[in-house]
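Residues per chain, in single letters:
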Amino acid sequence: MFKIIAIILLAISTAGAGYFGWTQKKSVVAVSAQVEELTQKVEEADKKVEATEEELAASKDMLPPLMTKAQELEAVKAAFSTGTVLKDLEAVYAKEKKGLSPERQLGLAGVRLLTNGTKDPATVEAFQKALEMTDWKAQQKVICAAQNALAAAGQKIKVMSECAPEAEGAKSESKADAHAAPAGKADAKDAHGAPAGKDDKKGGKKDAHAPADAHAAVHWDYEGAMGPENWGKEFPTCGKGKSQAPLNIKGPFEKVRFSVAPDYKQGQLKILNNGHTIQVNVPNGSKIRIDGKPYDLLQFHFHRPSEEHIDGKPSAMVVHFVHKNAEGELAVLGVMLREGNENPGIKTLWTHAPKSEGPEVVPDGVMFNPANLLPREMDFFHYDGSLTTPPCTEKVKFFILKSQVNIAKEQVTDFPFKMNARPVQPANGRAIYTN
Ligand SMILES: [Zn+2]
């Protein structure tokens, strides 16, 4: 019995979580606030839609079916309550060599939430973090996976038109997911197997490393057929966007009067190799003020060599600190790393950084303060740019510090990616500012 549930869950796991996230994200705090919740969803959807009108329409279409789903959720919850399902799921995922995609991490976090309940703050935090790591399209996909899986499992549910298997399957390279397959044809692929979607605009839920796409069927890379020159084929903004990042930073500069002031705190180290970079996920509490406005630090990650050039030259590496404000706007603080003395902060990070792609690791009792990677002086260059990885979403503010920080040559070569930098992009008339 539980085996069957577990198999279905492999298909809907992201799923249970996806629509759980969708409908219950805020009600982890106040359970009865569902209506208010859904209203908030509309508002959130509206916010996300700096994107296109189409996406706005799509997001509103999604709400009515979700309201029904919210009621069905109780039944799903009951199935989770014994903890057996979670154990099965953890066991199966533990066998996956390549590590979990962000969608699956979200799924797992969601199942943990369903199992452990909402009283455990760590579980709730992990779930919300996981949710932040997936974007709008990924969330829509997990909802589709859930609907198709439930339909295949014989439940009477209305499947949204966006989720119709043929519609999705048409463009997919049909990388059927072995785990999802047993639950039925409709969900022969999970969120994972579907193309990342044409419309890559979203409200900035994601970091500059676009984790949701990092493992999507549309593979991308830093060289070869799926290298940066070809990203635009699958991710239109990468090719057509007019304010893409990184830039070659060179004068003349325009003057701005504001400052950037980081307020980073020490916290438990959480580090992963997502196949494109080493990324550190930052616990709540670290912020930066930009012109007085607070942005939360979500994560930071590395590129080798630095993506930004200064007067035509890259540095050995760069660390990108990715922040988001209450409006969902992203701001990236870049600190260039030049070859020199050993960097003690990097030493700690590299000690724990996984050499190959896989899920986040949380080394017991290891604390880290992101401020350890900052120079003393916070003078900066500033421009408007984009995510530097697919889907290359724009409206990301960049602040590249003028002061660089040392990193030992061996530390550079110990970084598990030889080259993970997007080439500099045309400025297209954009100004570069300095304080
Ligand atoms: Zn970056």
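Cut-offs used in this document
Residues numbered from 1 in each chain as written. Predicted model: local features only at pLDDT ≥ 70, side-chain atom pairs only at ≥ 80, totals over all residues. Helix = DSSP H or I, 4+ residues; strand = E, 2+ residues; numbered from the N terminus. Contact = placed C-beta atoms within 7 Å. Buried ≥ 20, exposed ≤ 12 C-beta atoms within 10 Å, placed from the backbone. Pairing = 2+ DSSP bridges. pLDDT = per-residue confidence, 0-100.

A. Main features of the overall build of the chain. The helix and strand inventory of the chain stands at 13 helices and 17 strands. Partitioning the contacts of the chain with sequence separation of at least 6, the portion at a separation of at least 24 is 72%.

B. Seen up close, unusual backbone geometry. In this structure, the amide linkage connecting Gly251 to the following residue, Pro252, adopts the cis form with an omega of 0°. Following Arg304, the chain continues into Pro305 via a peptide bond in cis, with omega recorded as -5°. Counting through the fold element by element, Pro305 comes out in the loop between strand E8 (293–303) and strand E9 (309–310). The backbone phi angle of Lys395 is positive, close to 65°, even though this residue is not glycine.

C. Broad picture of the environment of Gln279. By secondary structure assignment, the location of Gln279 is in strand E6 (residues 278–281). Look at Gln279 and you get buried, because 26 C-beta atoms sit within 10 Å. Sequence separation between Gln279 and His301 is 22 residues; the distance between their C-alpha atoms is 4.3 Å.

D. The arrangement of the environment of Ser386 in detail. Position of Ser386 among the secondary structure elements: in strand E14 (residues 380–386). Overall, Ser386 belongs to the buried group, with 25 C-beta atoms counted inside 10 Å. For the pair formed by Ser386 and Val332, sequence separation is 54 residues and the distance between their alpha carbons is 9.5 Å. Ignoring anything within four residues of it in the chain, the contact list for Ser386 reads Gly241, Ser243, Gln244, Ala245, Cys392, Thr393, Glu394 and Val396.

E. Representation of the pairing of strand E15 (residues 394–401) in the model. With 6 of its 8 residues buried, E15 lies for the most part within the structure. Of the strand pairs in this sheet, strand E12 (residues 330–339) and E15 are connected by 5 bridges, and their pairing is parallel. The residue bridging Ala331 from the neighbouring strand is Lys397, located in E15. Both E14 and E15 contribute to a ladder of 7 bridges, which runs antiparallel. In the sheet register, His382 faces E15, and the bridge partner there is Phe399.

F. Just the sheet that holds strand E10 (residues 313–314), in detail. Pairing within the open sheet is mixed, and its 3 strands lie in the order E1-E9-E10. One side of each edge strand has no neighbouring strand; the edge strands of this open sheet are strand E1 (248–249) and E10. In this sheet, E10 lies alongside E9 in antiparallel orientation, the contact comprising 2 bridges. Residue pairing across strands places Ile310 opposite Lys313, the latter belonging to E10.

G. Here's a closer look at the environment of Pro426. On the secondary structure map, Pro426 appears in the loop between helix H13 (409–414) and strand E17 (433–434). Pro426 sits in the exposed class, given 12 other C-beta atoms within 10 Å.

H. The arrangement of the confidence of the model for the chain in detail. Mean pLDDT over the chain stands at 74; residues scoring 70 or higher make up 51%. Here residues 22–39 scores under 50 on pLDDT; set against residues more than four positions off or in separate chains, the count is 20 contacts. Confidence drops under a pLDDT of 50 for residues 166–216, and excluding neighbours within four residues, the segment shows 156 contacts in the predicted structure.

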